[in-house]
Amino acid sequence: MRRYLPPVLLLVLSTPLVAQRAQDSDERAALLQRIESRREAYATVAKQIWGFAEVGFQEHKSSALLQQQLRTAGFQLKSGVADIPTAFVATFGSGKPVIAIIGEFDALPGLSQEAQTAAHHAIEDNGAGHGCGHNLLGTGALAAAIAVKEWLASSGHSGTLRYYGTPAEEGGSGKVYMVRAGLFSDVDAVVTWHPGDRNEASPTSSTANITGKFRFRGVAAHAAAAPDRGRSALDAVEAMDNMVNMMREHVPQETRIHYIITRGGAAPNVVPDFAEVYYYARQPNMKILDGVWERIVNAAKGAALGTGTTMELEVTGAVYNVLPNDYLSGVMNKNLERVGGFSYTPEEAKFAEEIRKTLTDPPDVAVGSQEQVRPMRSGAVNSSSTDLADVSWNVPTVSLTAATFAPGVPAHSWQATACAGGTIGVKGMMVAAKSMALTTLDLFTDPVHIQKAKTEFDQKRGPDFKYATRLADRKPALDYRK
Ligand SMILES: [Zn+2]
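A few points on the structure. (Residues numbered from 1 in each chain as written. Predicted model: local features only at pLDDT ≥ 70, side-chain atom pairs only at ≥ 80, totals over all residues. Heavy atoms only, no water.)

Description of the coordination of the zinc ion
Within the protein, the zinc ion binds to Cys-132 (SG), His-134 (NE2) and His-194 (NE2); these donor distances fall in the range 2.1 to 2.3 Å. Sequence positions of the donors to the zinc ion reduce to the motif C-x1-H-x59-H. Here Cys-132, found in the loop between β3 (98-103) and α4 (134-155), pairs with His-194, found in strand β5 (residues 189-196); they are 62 residues apart in sequence, far enough to count as distant. What makes Cys-132 buried here is its relative accessible area of 7%. (Donors = N, O, S within 2.8 Å, 3.2 Å for Na, K, Ca; no water. Helix = DSSP H or I, 4+ residues; strand = E, 2+ residues; numbered from the N terminus. Buried < 20%, exposed > 50% of the residue type's maximum accessible area, 1.4 Å probe, protein only.)

Right, here's the structure in full:
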């Protein structure tokens, strides 16, 4: 039942609320304006990191550039955290809540490619390239963090904002070591994004992933004159690969297993006394993955036994599957819809159409789809993996995807490198920066968001969940790209 209130009293009651709303919308508009006004500066930072194209744990210039930007903006820097020279945490403000924005900046080996060019042309043969757009990822996160910091400073709002510079996302499990070092233990929520070919803020999961190098040692001998005296380490690799390839039929459907032979001998006329194969195994469920990985290790042991060689295993990486937070995704989605997609110039549209012709299959999304925001869907699981997953099992985490790649262009391709170094990459990055900044502002201003995110987080983890990385106490594999 609603009581009658005299009109004058109604006006008095509603005025502060109206004023508050107007102030909120002013603050949000100012936040977006701040990011937009520095578009060129952020485009330059993103292009510099794209040019550095540094692979996992070797991102010295990229990390230094981001740190310098944050220091200039008034953040306190702590670098070389978690025994990783290129990892850092930048902090502004104090007290609760503690909100973290995550930035990545590592490139991928072999994906060197000229920017915004629709023909495959490497800048450096076999050089590294930003085929996952992490140059945009780190810079978009930077843009969001600086805008929110300025709002915190001018509004006098309490709370701590952090930017986490997280190296070696691509197979190096950089964030896992940072989680293990306790760097996220007081964080209330994590906000981040990832480049892609669409604008979307759905709560998606990913596959858990264990990676390792299997090293076999045998006996060298003349391959023609004395093969009976040799024991081939390459035979062991091939025997192992054969067993694992047969195993594919007998693992759950969603499992992914891939390998490369990193060392296979030096000359055909010498029986190889050393060979190495580098494996990834992935599964949406960490416990099932543990079982699959054990069987892969058994195949390696069996191969060594059968070929008269010895085997040693170095586990180089291990990440969980992402624990999505539907509630936080809803908050992010609202902000992404407010920011919206973007249009291409005629030149950009032409480039997008041209580069799409170089894909193996015609894409099922059209040029122009980057103008839209995809509707939210739940329950989706990406087959790829990310070390963000280990953060997500420790802190409620939200991520969005922005259309930095031409529609249909997959990540980890030369086409993605071409997009990540060009103007459409920057346009997508700006969508992400603005959506993340608005979401971070929401988390600072309304404690209900963090409460609801935490309730869902606790329910999904369950009372018995105990986080334990499969990397145990190993030191960061700082040389995994060497
Ligand atoms: Zn990536």
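Moving on from the coordinates now.
A look at the sheet that holds strand β9 (residues 310-319)
The four strands are arranged β7-β8-β6-β9 in an open sheet whose pairing can be described as antiparallel. Of all the strands in the sheet, just β7 (256-263) and β9 have a single pairing partner and so form its edges. Neighbour-to-neighbour, the strand axes of this sheet turn through a mean angle of 20°, independent of strand direction. Two elements, strand β6 (residues 208-217) and β9, share nine bridges in a ladder whose sense is antiparallel. (Pairing = 2+ DSSP bridges. Axes fitted to C-alpha atoms, helices over the stretch in contact; angles between N-to-C directions.)

Remarks on the nonpolar core
Counting residues in each nonpolar core, the largest one holds 73 residues, and the members touching the most others are Tyr-163 and Trp-193. Ranked by the residues each element gives to this core, the list is headed by helix α12 (residues 423-445), at 13 residues. Excluding anything up to four places from it in sequence, Trp-193 contacts Leu-136, Leu-137, Gly-140, Ala-141, Ser-399, Leu-400, Ala-402, Thr-404, Gly-428, Met-429, Ala-432 and Met-436. Within the second largest apolar cluster, 60 residues are counted, among which are Tyr-177, Val-187, Ile-257 and Met-286. (Core = buried A, V, L, I, M, F, W, Y, C linked by side-chain atoms within 4.5 Å. Contact = heavy atoms within 4.5 Å.)

As for the packing of aromatic side chains
On inspection of all chains with the given rule, the structure shows 15 aromatic pairs. Between Tyr-164 and Phe-184, the ring centres sit 4.2 Å apart and the planes meet at 15°, which makes this aromatic pair stacked. Remark: Phe-184 occurs in the loop between α5 (174-180) and β5 and Tyr-164 occurs in strand β4 (residues 159-165); sequence separation between them is 20 residues. Overall, Tyr-164 belongs to the buried group, its relative accessible area being 0%. Through a chain of ring-to-ring contacts, the aromatic side chains of Phe-214, Tyr-259, Tyr-279 and Trp-293 assemble into a single cluster. Sitting above the plane of the Trp-50 ring, Lys-47 keeps its charged end 5.3 Å from the centroid. (Phe/Tyr/Trp six-rings, centres within 6.5 Å; stacked < 30°, edge-to-face > 60°. Lys NZ or Arg CZ within 6 Å of the ring centre and 35° of its normal.)

Brief notes about the pattern of salt bridges
Within this structure, the stated rule accounts for 22 salt bridges. We note a salt bridge from Arg-39 to Glu-36, for which the minimum N-O separation is 2.8 Å. Measuring nitrogen to oxygen at the nearest pair gives 2.5 Å for the salt bridge that ties Asp-387 to Lys-175. Here the residue Asp-387 occupies a position in the loop between α9 (346-356) and α10 (388-392), and Lys-175 occupies one in helix α5, the gap between them amounting to 212 residues. Through salt bridges with shared partners, a single ionic network connects Arg-215, Glu-276, Glu-314 and Arg-474. (Salt bridge = Lys/Arg side-chain N within 4 Å of Asp/Glu carboxyl O.)

Re the environment of Thr-72
Checked against the element boundaries, Thr-72 lands in helix α3 (residues 60-72). Taking the C-alpha atoms as reference, Thr-72 lies 9.9 Å from Ile-146; in sequence the two are 74 residues apart.

Description of the environment of Gln-415
With respect to the helices, strands and loops of the structure, Gln-415 is situated in helix α11 (residues 414-420). Separated by 63 residues in the primary sequence, Gln-415 and Ala-352 place their C-alpha atoms 9.8 Å from one another. Setting aside residues no more than four positions away along its own chain, Gln-415 makes contact with Ile-355, Thr-358, Leu-359 and Val-409. Among the polar contacts made by the side chain of Gln-415, one reaches the side chain of Thr-358 at a distance of 3.0 Å. (Polar contact = N/O pair within 3.5 Å; in protein donor to acceptor, adjacent residues only side chain to side chain.)

Regarding the environment of Ala-153
Here Ala-153 lies in helix α4. Taking the relative accessible area as the measure of exposure, Ala-153 reaches 45% and is therefore partly exposed.

So, the sheet that holds strand β10 (residues 397-403)
In spatial order, the strands read β1-β2-β4-β3-β5-β10; together these six strands make up an open sheet with mixed pairing. The open sheet terminates on both sides in strands that have one partner only, identified here as β1 (76-79) and β10. On average, each strand axis in the sheet is tilted by 20° relative to the strand beside it, whichever way the strands run. Bridging between β5 and β10 involves seven bridges; their strand directions are parallel. Residue pairing for β10: Thr-192 is matched across the bridge by Ser-399. The sheet strands contacting helix α8 (residues 326-339) are β5 and β10, and the helix crosses β10 at an angle near 35°.

With respect to the packing of α8 against helix α13 (residues 447-461)
Across the interface, α8 lies against α13 with an axial gap of 8 Å and an inter-helix angle of 140°. Across the interface between the two elements, Asp-326, Tyr-327, Leu-328 and Val-331 from α8 touch His-449, Lys-452, Ala-453, Glu-456 and Lys-460 from α13. A per-class count over the contact of α8 with α13 returns four nonpolar, one polar and four charged. (Nonpolar A, V, L, I, M, F, W, Y, C, P; charged D, E, K, R; others polar.)

Topic: the state of the cysteines
Across all of its chains, the model carries zero disulfides by this definition. Sulfur of Cys-419: no disulfide; nearest cysteine sulfur belongs to Cys-132 and is 13 Å away. Residue classification places Cys-419 among the buried positions, given a relative accessible area of 0%. (Disulfide = S-S within 2.5 Å.)

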